[in-house]
Amino acid sequence: MAAPAPSAAAAASASPPALLPSPFVELVKSPSGLEKVVLRGSRNCCVEVYLYGGQVTSWKNDNGEELLFLSSKAIFKPPKAIRGGIPICFPQFGTHGNLEQHGFARNRFWSIDSDPPPLPVNPAIKAFVDLILKPSEEDLKIWPHSFEFRLRVALGSSGDLSLTSRIRNTNPPGKNFSYTFAYHTYFSVSDISEVRVEGLETMDYLDNLKAKERFTEQGDAIVFESEVDKVYLAAPSKIAIIDHEKKRTFVVTKEGLPDAVVWNPWDKKAKAMQDFGDAEYKGMLCVEPAAVEKPIILKPGEEWKGRLVLSAVPSSYCSGQLDPLKVLQG
Ligand SMILES: O=P(O)(O)OC[C@H]1O[C@H](O)[C@H](O)[C@@H](O)[C@@H]1O
């Protein structure tokens, strides 16, 4: 049976400087009392990751502009997941199973992993941190599987943010497990009605607002005029979110994650959420690389890897010069 994951306080006291050897990586206490790791890049580029949830809550570019949405009403206290940034949905996405919505990884305390198994060296990485989550005795009662979930959060020298998840089945022989997963990424946008998403045209999707019924998207880029909650199936590895007003394009690259969820709660649902401002739906959009339709199955000893890379590039697309292929092929 796996040892329970240490609490945040234990993780901090067990964090000698050797755990965070780089001057670009720092463990700090936030005003809420929760601990976060700060990754610093060139100029004002910076990423913040809470040990609570293993959750990225902030990603800033060279100019110090925030690129992720974090609600002004976010609650930084268990058992609620933090509203915004990049919550990790594991071992269940949404209501696709018997666990609580989006699983439990997003409201558990992760630890800093001082000795992770190696990942391919990427010379473009400026600063990174490795976190780990193992199930506690309580977790094993609700999901009776032993696992090691390793998460690397890395800030590239050009300001790209990457998240690499490695999930290993550490059950005894013969005990497979299956799970669904998502990087529930909240992007900050200037005005949702000025945003369009490219890469999901003509894709099939399950509509969460219509009892998960399957439909096919039309041929145009996706725009937003009302509540959206769709799981696009077998989506391409690159998706672009084009913010006309900000003249900014987010490029989302995903590996090992076939699906992509698109969510905006719009006005009515926004009002119903305790940890979300009534009008905040106008300034956010979730595009979530995910594995939802076909659960991932791991045998004991097997490891799965799922990766997300985010970059924010200036766009001149408001001038009508957009070549979608350039965006989608990088
Ligand atoms: O409120 P939460 O549990 O964080 O879920 C927020 C949203 O997450 C996903 O995008 C789901 O597709 C939505 O159905 C859900 O409403």
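Thresholds applied
- Residues numbered from 1 in each chain as written.
- Predicted model: local features only at pLDDT ≥ 70, side-chain atom pairs only at ≥ 80, totals over all residues.
- Heavy atoms only, no water.
- Pairing = 2+ DSSP bridges.
- Helix = DSSP H or I, 4+ residues; strand = E, 2+ residues; numbered from the N terminus.
- Axes fitted to C-alpha atoms, helices over the stretch in contact; angles between N-to-C directions.
- UniProt positions renumbered as here; feature names shortened; annotations may be inferred.
- 1 Å grid on protein atoms, 1.4 Å probe; cavity = no way out; pocket = protein on both sides within 12 Å on 5 of 7 lines; lining within 4 Å.
- Contact = heavy atoms within 4.5 Å.
- Buried < 20%, exposed > 50% of the residue type's maximum accessible area, 1.4 Å probe, protein only.

A. View of the sheet that holds strand β4 (residues 55-60). The four strands lie next to each other as β1-β2-β3-β4, forming an open sheet whose pairing is antiparallel. The sheet terminates laterally at β1 (25-29) and β4, the two strands that pair on one side only. On average, each strand axis in the sheet is tilted by 20 degrees relative to the strand beside it, whichever way the strands run. Where β1 lies against strand β2 (residues 35-40), five bridges are found, and the strand directions are antiparallel. Looking at β2, one finds that L27 is bridged to V37.

B. Summary view of the UniProt feature "binding site: substrate" (unreviewed entry) in the protein. As annotated by UniProt and renumbered to match this structure, "binding site: substrate" (unreviewed entry) occupies R83, Q101 and R106. In sequence the annotated residues extend across 24 residues, while in space they remain close, none of their C-alpha pairs exceeding 13.7 Å. Within the annotated group just given, the residues that line the largest pocket are R83, Q101 and R106. By the secondary structure assignment, Q101 is in the loop between β5 (88-89) and β6 (111-112). Filtering out sequence-adjacent residues up to four positions away, Q101 remains in contact with Q92, G94, T95 and R106. Secondary-structure assignment places R106 in the loop between β5 and β6. For R106, the contacting residues outside a window of four places in its chain are Y52, G53, Q55, A81, P87, I88 and Q101.

C. Summary view of the UniProt feature "active site" (unreviewed entry) in the protein. The UniProt entry lists H184 and E288 under the feature "active site" (unreviewed entry), expressed in the numbering used here. Spanning 105 residues, the annotated positions come together in the fold, the maximum distance between their C-alpha atoms being 4.7 Å. Set against the largest pocket, the annotated residues that line it come down to H184 and E288. Along the chain, H184 turns up in the loop between β10 (177-183) and β11 (186-188). Discounting residues that sit within four places of it in the chain, H184 has contacts with G85, I86, P87, C89, H102, W263, C286 and E288. Note on placement: E288 falls in strand β20 (residues 284-298). On the accessibility criterion, E288 (1% relative accessible area) is buried. Excluding anything up to four places from it in sequence, E288 contacts F93, Y183, H184, T185, D259, A260, V261 and W263.

D. Representation of unusual backbone geometry. The linkage connecting P78 with the following residue, P79, adopts the cis geometry, with an omega of 10 degrees. Tracing the chain through its elements places P79 in the loop between β4 and β5. For R43, which is not glycine, the phi torsion reads 45 degrees and is therefore positive. For R43, the position within the fold is in the loop between β2 and β3 (46-50). Of note, the phi angle at K247 is positive, near 55 degrees, even though the residue is not glycine. Note that K247 resides in the loop between β17 (238-243) and β18 (248-255). According to the relative accessible area criterion, K247 is partly exposed, its value standing at 46%.

E. Just the pairing of strand β12 (residues 195-198), in detail. Both faces of β12 are covered, namely the face carrying V195 and V197 and the face carrying R196 and E198. Note: β12 against β17, four bridges, orientation antiparallel. By the bridge assignment, V195 is partnered in β17 with D243. Bridge count between β12 and strand β15 (residues 222-223): two bridges; the pairing is antiparallel. Across the sheet, the residue bridging to R196 is V223, located in β15.

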